There are 2 protein chains.
Amino acid sequence: MKKFINDAETVISDALRGLAAAHPELRVDLEQKIIVRAEGPRPGKVGLVSGGGSGHEPLHGGFVGLGMLDAAVPGEVFTSPVPDQIVAATAAANGGAGVVYIVKNYTGDVMNFQMAAELAADSDIRVETVLVNDDVAVKDSTWTAGRRGTGATVFVEKITGALAERGASLAEVAEIGRRVNAASRSFAVALTACTTPAAGKPGFALPDDEIEVGVGIHGEPGRRREKLQTAKNIVATALDAILSDLPLASGDSTIVMVNGLGGTPLIELYILFGEITATFRDRGIVIARSLVGNYITSLDMAGASITVCKADPQMLESWDAPVRTPGLRWGV
Amino acid sequence: MKKFINDAETVISDALRGLAAAHPELRVDLEQKIIVRAEGPRPGKVGLVSGGGSGHEPLHGGFVGLGMLDAAVPGEVFTSPVPDQIVAATAAANGGAGVVYIVKNYTGDVMNFQMAAELAADSDIRVETVLVNDDVAVKDSTWTAGRRGTGATVFVEKITGALAERGASLAEVAEIGRRVNAASRSFAVALTACTTPAAGKPGFALPDDEIEVGVGIHGEPGRRREKLQTAKNIVATALDAILSDLPLASGDSTIVMVNGLGGTPLIELYILFGEITATFRDRGIVIARSLVGNYITSLDMAGASITVCKADPQMLESWDAPVRTPGLRWGV
């Protein structure tokens with residue numbers, strides 16, 4: 001294993017120290033391991049908290065800021081944050097109007113955010129949870145009962161963040177978060193496995209000419225392995241999986257993300273996006289907004305995921321609202 | 001080789017098609033292979049043109065837009081663009097006040113931009129060239145006489161872009177570009193080699209426990225190979241090289257970039273940035289602005305470069321000016 005680290009034990013602390021130094025608009029509590037907006041919670045604003053295992057950066061810490069999250073809770077690499085951490089983030093994000101948890105569907109995350117919600121209720125903080133489970137690849141997975149939560153998390157965080165910033169209620173913010181999740185589907189393909197600092201070797205073995213079709217963001221197995229295909233064929237496979245689960249008609253508007261899993265050159269992500277564009281054009285599906293880049297990664301994995309959200313006008317308008325975070329920024 | 005491509009021959013065309021679809025604010029001429037702002041040249045504004053071999057994305061095409069480049073000229077992967085392409089970009093960027101070329105110091109780029117400048121002069125377009133040669137690792141290299149041009153290119157493009165946007169003259173824009181280059185130094189370390197689509201295999205062989213210290217952005221050899229070090233020691237090596245060439249005193253202001261070469265997780269880049277911050281704090285050097293992420297890559301290479309610019313107030317103020325490009329965006 002070759003990585004820019006000091007010690008596998010201190011990866012998260014060391015990275016948080018760098019994040020804090022690079023982004024003075026964030027406050028990083030190195031003791032409790034939470035990342036919050038430096039200006040603190042705004043009275044009357046619904047707070048947004050997300051988190052999960054580290055290794056998916058910029059998600060979630062890179063999405064803290066104006067128009068997106070109020071707090072992020074990073075666990076160790078690929079390991080859920082603990083309830084105490086989540087409770088601390090909840091308190092830091094609470095402006096008195098309640099807090100929405102955005103939780104990717106992994107058993108540990110779901111359990112620990114649930115415990116934190118109960119502890120928050122003891123402190124009279126109302127919590128609503130939006131569970132993200134957009135990955136159509138497999139029904140159950142290594143750490144998940146039901147579908148895994150992946151790329152749609154970025155869409156949910158952006159769109160709920162816009163509503164919360166404008167003063168929407170707890171119920172309204174949670175509701176649009178659930179609608180965005182319900183309208184989104186993802187599918188990922190890996191060319192290589194990723195290596196966690198603790199393990200020191202790739203999480204699975206993949207022959208030199210094979211790809212993992214439907215891989216999870218921790219390297220969980222997908223639907224099958226197959227020989228390397230052209231970008232065009234890989235996009236066809238991913239879109240078949242997505243569109244057979246989320247039927248789209250001519251004239252439908254979408255937000256599309258082509259996301260790199262960490263080790264994939266941007267030039268290849270643009271090739272994938274170009275193929276999606278061609279397919280959607282043929283079917284009359286409108287790509288109203290798009291993201292191409294690394295947004296929810298899997299350490300150094302070479303691979304990419306495609307996320308499609310069938311977007312209504314409110315979602316698109318919320319998408320366009322100003323956002324100022326390390327990982328996503330426009331309009332300000 | 002496993003990549004998301006259709007054919008090694010069509011990588012650039014296919015990627016440009018995706019770039020065009022993702023960024024309607026850009027106009028991508030697939031025939032001539034140039035990327036320009038959709039709104040065209042502004043009369044009286046100095047035009048900024050950069051380019052070079054592809055494989056370093058987001059550089060340069062991802063830096064076309066308000067407050068940065070007017071046009072980018074991508075060559076094939078790791079191959080200089082041809083003079084005709086550069087001339088087409090020059091014409092597209094020309095608002096009548098002259099055009100500045102920002103050229104990384106590689107022999108092919110220097111030669112082809114020089115030929116294009118002569119052809120532009122025949123069309124009565126005044127051209128000034130800013131040569132970027134910031135890489136302190138080696139004196140001469142595989143494709144370079146003198147120092148290689150690397151990370152400082154991002155600083156030069158951002159800061160000249162701000163001045164040009166405000167109506168500075170050709171001489172003023174070129175002058176600050178040269179000053180930024182003269183005030184900047186870079187140093188890179190590779191953990192792995194990159195693989196070009198045409199070659200289909202890694203550009204060099206690096207044992208599992210060794211790193212290339214002082215690598216170039218095409219995988220050119222550096223100063224030496226050594227055993228893998230801690231992030232702290234790698235930063236010490238890079239900063240020794242940089243600061244012995246660019247002496248900084250307590251109180252000096254800098255812009256610092258920690259740049260991923262394509263295959264390095266963001267979390268590791270933050271670890272490196274945290275180490276730089278600690279060193280600079282000890283020496284009283286101020287990090288006034290920073291970038292941590294993938295800005296000038298080397299396809300899928302795992303590695304990172306550090307760039308330090310000793311920044312005067314004009315540079316900092318120009319750094320903060322609004323920029324709206326696919327790769328860098330703030331203030332708008």
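Above this note sits the structure.
Please read all numbers here as calculations on a predicted model, not as lab measurements.

A.B. asks: Looking at this structure, how should I read the relation of the copies chain B and chain A?
C.D. replies: Both copies of the chain are tied together by a single rotation about an axis and a shift running along it. Rotating chain B by 180° and translating it 0.0 Å along the rotation axis places it on chain A, where the RMSD comes to 0.0 Å. Those values place the two copies in the arrangement expected of a two-fold rotation axis. Residues of chain B ranked by C-alpha distance from the rotation axis are headed by B:Gly263, positioned 2.0 Å from it. Comparing interface residues between copies, 100% of those in chain B also sit at the interface in chain A, which points to an isologous, same-surface contact.

A.B. asks: I'm lost on the packing of aromatic side chains in this one. Help?
C.D. replies: The description of two aromatic rings rests on the distance between their centres and on the angle between their planes. All names here are of chain A. In total, this model carries six aromatic pairs over all chains according to the counting rule given. Ring plane angle 85° and centroid distance 5.5 Å describe the contact between Phe 155 and Trp 319, whose orientation is recorded as edge-to-face. With a gap of 164 residues between them, Phe 155 in helix H4 (residues 152–165) and Trp 319 in helix H8 (residues 313–320) connect regions that are remote in the sequence. By the burial criterion, Phe 155 is buried, and Trp 319 matches it. Seen from their ring centres, Trp 319 and Trp 330 are 5.5 Å apart, and the 50° between their planes marks the pair as tilted. In this pair, Trp 319 is assigned in helix H8 and Trp 330 in strand E14 (residues 329–330), connecting sequence segments 11 residues apart. Per residue, the accessibility class of Trp 319 equals that of Trp 330, and both read buried. An aromatic cluster is defined as three or more aromatic residues linked by ring pairs; in this entry it consists of Phe 155, Trp 319 and Trp 330.

A.B. asks: Explain the layout of surface pockets here, please?
C.D. replies: If a probe as big as a water molecule is rolled over the atoms, it shows which places are left empty. Space inside the second largest pocket adds up to approximately 1,300 Å³. Looking at the lining of the second largest pocket residue by residue, the class counts come to 18 nonpolar, 10 polar and 12 charged.

A.B. asks: What exactly am I supposed to notice about the sheet that holds strand E2 (residues 34–37) of chain A here?
C.D. replies: What links the strands of a sheet is backbone hydrogen bonding, and the strands pair in either a parallel or an antiparallel sense. Residues and elements named next belong to chain A. With mixed pairing, the six strands of this open sheet are ordered in space as E1-E2-E4-E3-E5-E6. Two strands close off the open sheet at either side, each with one partner strand: strand E1 (26–29) and strand E6 (127–132). Neighbour-to-neighbour, the strand axes of this sheet turn through a mean angle of 20°, independent of strand direction. Pairing of E1 with E2, which is carried by four bridges, proceeds in the antiparallel orientation. Paired with Arg 27 across the strands is Val 36, a residue of E2. Strand contacts of helix H2 (residues 83–93): E2, strand E3 (47–54), strand E4 (71–77), strand E5 (99–104) and E6, with the helix running at about 165° to E4, the strand carrying the most contacts.

Conventions we followed
Residues numbered from 1 in each chain as written. Chains lettered and ligands numbered in written order. Predicted model: local features only at pLDDT ≥ 70, side-chain atom pairs only at ≥ 80, totals over all residues. Heavy atoms only, no water. Least-squares fit on C-alpha atoms with pLDDT ≥ 70 in both. Contact = heavy atoms within 4.5 Å. Phe/Tyr/Trp six-rings, centres within 6.5 Å; stacked < 30°, edge-to-face > 60°. Helix = DSSP H or I, 4+ residues; strand = E, 2+ residues; numbered from the N terminus. Buried < 20%, exposed > 50% of the residue type's maximum accessible area, 1.4 Å probe, protein only. 1 Å grid on protein atoms, 1.4 Å probe; cavity = no way out; pocket = protein on both sides within 12 Å on 5 of 7 lines; lining within 4 Å. Points joined across faces, edges and corners; volume = space filled by probe spheres on them. Nonpolar A, V, L, I, M, F, W, Y, C, P; charged D, E, K, R; others polar. Pairing = 2+ DSSP bridges. Axes fitted to C-alpha atoms, helices over the stretch in contact; angles between N-to-C directions.

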